[in-house]
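Here are the chains, one letter per residue:
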Amino acid sequence: MGQSPSATVDRENSLSDRFSILSSSGFISSEEFPDEIVANRDYTAEIPDECLAYVFQFLGPGDRNQCSLVCKRWLSVDGESRHRLSLNAHSEIVALLPSLFTRFDSVTKLALRCSRKSLSLTDDALVMISIRCRNLTRLKLRGCREISDEGMSAFAQNSKNLRKLSCGSCMFGAKALNAVLDYCWNLEELSVKRLRGIHDGAEPIGPGAAASSLKMICLKELVNGQSFEPLMIRSKNLKTLKIIHCLGDWDRVLQLIGNPNGNGKEKLNFNNNNNNSNCGSNSLMEIHLERIQVSDIGLSAISKSAKIENLHIVKTPECSNYGLVCVAENCKLLRKLHIDGWRTNRIGDEGLVAVAKHCFNLQELVLIGVNATYLSLAAIASNCTKLERLALCGSGTIGDAEISCIAEKCMALKKLCIKGCPISNISIGALGCGCPSLVKIKVRKCRGVSSEAGEWLREQRGSMVINMDACEIDGGFEASVSDGGVHEIGVEFPQVVGQVTGADTSTSGNGRLALLRSKLGLFAGRNLVACTLRRWSNADDNFNGNL
Amino acid sequence: MAFTWSKTIYMGLDPIFLTELSISIIIFSTIASSKKSRVSKIKTADNEIFEVEEAVATMSNTIKIMAGDCSGGVIPLNNVHSTIFARVIEWCKKHVDDGEDLEYYKGALKNCDATFFEVDQAVLYHLLTTANSLDIKPLLHQGCQRFVDMINGKTVEEIRQLLHIKNDFTNEEEDETRKKLWSSVVGMNSFILL
């Protein structure tokens with residue numbers, strides 16, 4: 001708490017000037033702050049540590065790092081209050097780990113990222129970290145290829161407080177995960193992506209001691225994701241299940257989840273009346289299925305989870321109207337529904353009419369590459385009175401008639417996105433006069449809509465946020481329509497197969513997509529769905545060959 | 001009562017009904033005014049006594065708890081000076097009806113509270129410390145925000161000069177912290193000398 005004779009004029013706080021003004025008004029008496037008169041001093045020394053820490057929380061990482069270097073006290077306050085840390089986990093940092101964790105002694109959320117070019121941390125380093133960070137609640141591992149099953153097991157034994165584990169592109173496998181599930185019995189979220197050790201011969205994973213605490217499982221790009229079957233079935237409190245681009249058939253696993261007492265060999269249930277008798281104590285509320293082999297059998301099994309509120313069926317060409325009808329009839333609590341039909345035409349009006357008929361709580365609907373017509377959209381607009389967010393993309397059947405009836409009937413609609421559909425200015429006209437609750441509208445790549453229509457709409461509905469630029473690069477628009485927490489379909493693609501030509505792996509998700517778009521100049525006239533369809537069919541060949 | 005009687009006879013209305021009505025009005029207004037007049041008496045460190053409306057005073061969780069213990073007596077605040085306390089109360093009076101949403105207070109700092117916080121460092125820090133000890137979250141929030149605005153975007157040396165903080169690192173210590181440790185932490189890359 002030194003009194004530093006400051007040679008520089010402090011422009012921001014000419015203390016002596018202000019002080020003289022204040023004391024002359026009698027506001028601050030000199031006996032209250034006697035030292036003021038002497039020199040500029042460090043007042044921050046009088047703020048208690050907890051207060052200073054609270055201030056640091058407001059700062060971005062750059063400013064925070066600056067502050068930590070100001071003086072020893074600020075360094076220690078920053079260190080003690082730094083709960084989140086992200087490290088470049090290459091092997092050279094091993095020497096620094098002791099001093100790092102002496103400085104940052106309250107870390108609860110840790111990310112260890114290693115790039116492909118470097119050698120990553122080893123097991124010993126990971127174990128040392130687990131000893132120093134006793135209160136670790138979240139761990140994220142990316143590309144830590146030197147960590148083995150034994151290392152993860154030792155880590156898990158020291159990390160009883162772990163709640164979330166996310167591992168991607170690492171080399172360990174089922175043994176490691178089973179150790180985590182056995183020792184970290186508070187684990188709530190498990191996210192696994194591209195784990196090389198989960199190969200075809202892998203041992204089954206789960207349920208472990210964490211089975212009753214686990215709430216979310218997310219599996220991405222696994223060869224043998226089915227090895228997680230015991231975990232998925234026996235986690236009694238599982239709320240969220242996401243299976244994205246994993247190989248193999250998934251109908252069986254979904255059947256077992258939906259009917260834990262069955263043997264997984266049930267045929268398609270044509271008579272859905274006895275559904276409830278088979279319903280286990282299933283607590284699933286959110287399911288994402290994307291680019292996996294699942295058919296109507298799987299959807300029918302999902303429909304047994306009557307508490308489902310959020311369902312994503314993305315690019316699963318074996319799912320048809322029948323499966324959607326099953327889900328609609330049984331899952332009355334459905335609030336968010338995303339369907340990417342991939343233009344295979346297997347899901348359409350029939351399924352959506354069933355949704356309109358049964359799912360009155362529907363708040364959010366995203367349809368991509370689904371040929372819906374007036375028939376189903378009118379039904380949804382009339383019956384789903386709570387519908388607030390709607391996105392319609394890449395569909396050749398959605399035209400003026402469809403939009404007009406939405407405008408006329410969707411009273412609660414707040415956000416609307418239309419992309420790559422054959423609508424014209426008539427639709428904009430209808431929207432201007434309808435949808436009384438509409439707050440935000442986005443229209444992209446609809447050739448029939450002119451900029452004059454946009455101008456007109458701005459005049460009509462001044463308070464609405466209107467986004468109608470036809471040619472901008474736009475990534476993750478579905479995410480902007482739906483509320484937080486939705487899987488960003490548009491952003492996922494470039495990450496899947498690194499070997500696909502043209503993919504730039506150095507920038508972040510949205511940047512990559514923009515780069516992709518600019519490189520795929522010849523697709524500029526088409527919409528997002530079409531160009532990614534092409535990439536996926538290329539990617540498929542590459543993916544299988546690169547294991 | 002006599003007054004009421006004469007009035008009702010004069011107006012030619014049913015006197016009994018009006019009496020009952022006026023009795024209830026008297027009762028209600030007594031209750032209402034007693035609620036309004038509930039003040040807290042607070043004594044600061046320099047023995048000055050403040051009489052503050054209860055609703056305003058209990059924006060401070062500390063005072064709220066102490067009021068429960070003192071039940072009607074004078075609440076002593078032994079480490080808050082009267083001048084700062086007066087300021088704090090001024091702020092509380094302004095925000096007594098504004099609720100708990102901290103995002104609102106962040107916005108308010110830009111508008112109506114901007115001048116309140118145009119104070120020199122000494123006062124700002126006393127406000128922060130007092131808001132912390134009296135546990136008035138929104139005021140602390142705004143004070144911190146103001147502090148953050150001051151140091152936002154500044155380099156280490158600029159912050160030291162602004163706040164008159166002495167650099168007590170040796171050159172070696174500063175080197176080690178800046179170069180070696182920071183090179184391993186993601187997000188601190190702007191300081192690496194590669």
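About the thresholds
- Residues numbered from 1 in each chain as written.
- Chains lettered and ligands numbered in written order.
- Predicted model: local features only at pLDDT ≥ 70, side-chain atom pairs only at ≥ 80, totals over all residues.
- Heavy atoms only, no water.
- UniProt positions renumbered as here; feature names shortened; annotations may be inferred.
- Patch = residues over 30% accessible without salt bridge, like charges linked within 9 Å, V, L, I, M, F, W, Y side chains within 5 Å.
- Areas by Shrake-Rupley, 256 points an atom, 1.4 Å probe, with all protein chains shown as cover.
- Salt bridge = Lys/Arg side-chain N within 4 Å of Asp/Glu carboxyl O.
- Lys, Arg positive; Asp, Glu negative; His and termini not counted.
- Charge placed at Lys NZ, Arg CZ, Asp CG, Glu CD.
- Helix = DSSP H or I, 4+ residues; strand = E, 2+ residues; numbered from the N terminus.
- pLDDT = per-residue confidence, 0-100.
- Contact = heavy atoms within 4.5 Å.
- Core = buried A, V, L, I, M, F, W, Y, C linked by side-chain atoms within 4.5 Å.
- Buried < 20%, exposed > 50% of the residue type's maximum accessible area, 1.4 Å probe, protein only.
- Axes fitted to C-alpha atoms, helices over the stretch in contact; angles between N-to-C directions.
- Parallel < 35°, antiparallel > 145°, perpendicular 65-115°, else oblique.
- Nonpolar A, V, L, I, M, F, W, Y, C, P; charged D, E, K, R; others polar.
- Pairing = 2+ DSSP bridges.
- Right-handed = clockwise from strand over helix to strand, strands pointing away.

In the annotation of an unreviewed UniProt entry, the entry for chain B reads SKP1-like protein 1A, and the organism field reads Durio zibethinus. Per UniProt, the comment on chain B under Pathway (unreviewed entry) is "Protein modification; protein ubiquitination."

As recorded in an unreviewed UniProt entry, chain A goes by F-box protein SKIP2-like and comes from Durio zibethinus.

Remarks on a positive patch on the surface
All names here are of chain A. On the surface, a cluster of positive charge is contributed by Arg84, Arg113, Arg138, Lys140 and Arg142. Among the elements that line the positive patch, the one with the most residues is strand 3 (residues 138-142), at three residues. Counting through the fold element by element, Arg142 comes out in strand 3.

A look at the confidence of the model for chain A
All names here are of chain A. In the predicted model, chain A carries a mean pLDDT of 79, and the fraction of residues at 70 or more is 74%. Predicted confidence is poor over residues 1-38, with pLDDT under 50, and the contacts of this stretch with residues over four places away or in other chains come to 46 contacts. Between residues 519-533, whose pLDDT stays under 50, and residues either more than four places distant or in other chains, the model counts 19 contacts.

Looking at the nonpolar core
Within the largest apolar cluster, 124 residues are counted, with the highest numbers of intra-cluster contacts made by A:Leu112 and A:Phe228. A per-element tally of this core places helix 8 (residues 174-183) of chain A first, with five residues. Setting aside residues no more than four positions away along its own chain, A:Leu112 makes contact with A:Leu87, A:Ala89, A:Leu121, A:Leu126, A:Ile129, A:Leu139, A:Lys140, A:Leu141, A:Arg142 and A:Cys144. Ranked by size, the runner-up nonpolar core spans 59 residues in total, among them A:Val77, B:Leu77, B:Val123 and B:Cys144.

Side note on the packing of helix 16 (residues 425-433) of chain A against helix 17 (residues 451-460) of chain A
Residue and element names in this part refer to chain A. Taken N-terminus to C-terminus, the directions of helix 16 and helix 17 make an angle of 5°; their axes are 10 Å apart at the nearest point. Classified by the interaxial angle, the pair formed by helix 16 and helix 17 is roughly parallel. Only Ala453, Trp456, Leu457 and Gln460 of helix 17 make contact with helix 16, whose side of the interface consists of Asn425, Ile428, Gly429, Leu431, Gly432 and Cys433. Split into classes, the residues belonging to the contact of helix 16 with helix 17 amount to six nonpolar, four polar and no charged.

Considering the pairing of strand 5 (residues 189-193) of chain A
On a regular strand, each side chain points to the face opposite its neighbour's, so the side chains alternate between the two faces of the sheet. Residues and elements named next belong to chain A. Among the five residues in strand 5, four count as buried, and that is most of the element. Note: strand 4 (residues 164-168) against strand 5, five bridges, orientation parallel. Each residue of the ladder has a partner; that of Ser166, found in strand 5, is Ser191. Chirality of the crossover, the property in question, places the unit of strand 4, helix 8 and strand 5 among those that are right-handed. Where strand 5 and strand 6 (residues 216-220) come together, five bridges link them in parallel fashion. Note on strand 6: the bridge partner recorded for Ser191 is Cys218.

Points about the sheet that holds strand 1 (residues 39-43) of chain B
Residues and elements named next belong to chain B. The strand order 2-1-3 describes an open sheet built from three strands, whose pairing is mixed. A single partner strand is all that each edge strand has here, and the edge strands are strand 2 (49-53) and strand 3 (74-76). For this sheet, the mean inter-axis angle between neighbouring strands, taken without regard to orientation, is 35°. Two strands pair when backbone bridges link them, and strand 1 and strand 3 are joined in this way by three bridges, in the parallel orientation. Within the sheet, the bridge partner assigned to Lys41 lies in strand 3 and is Val74.

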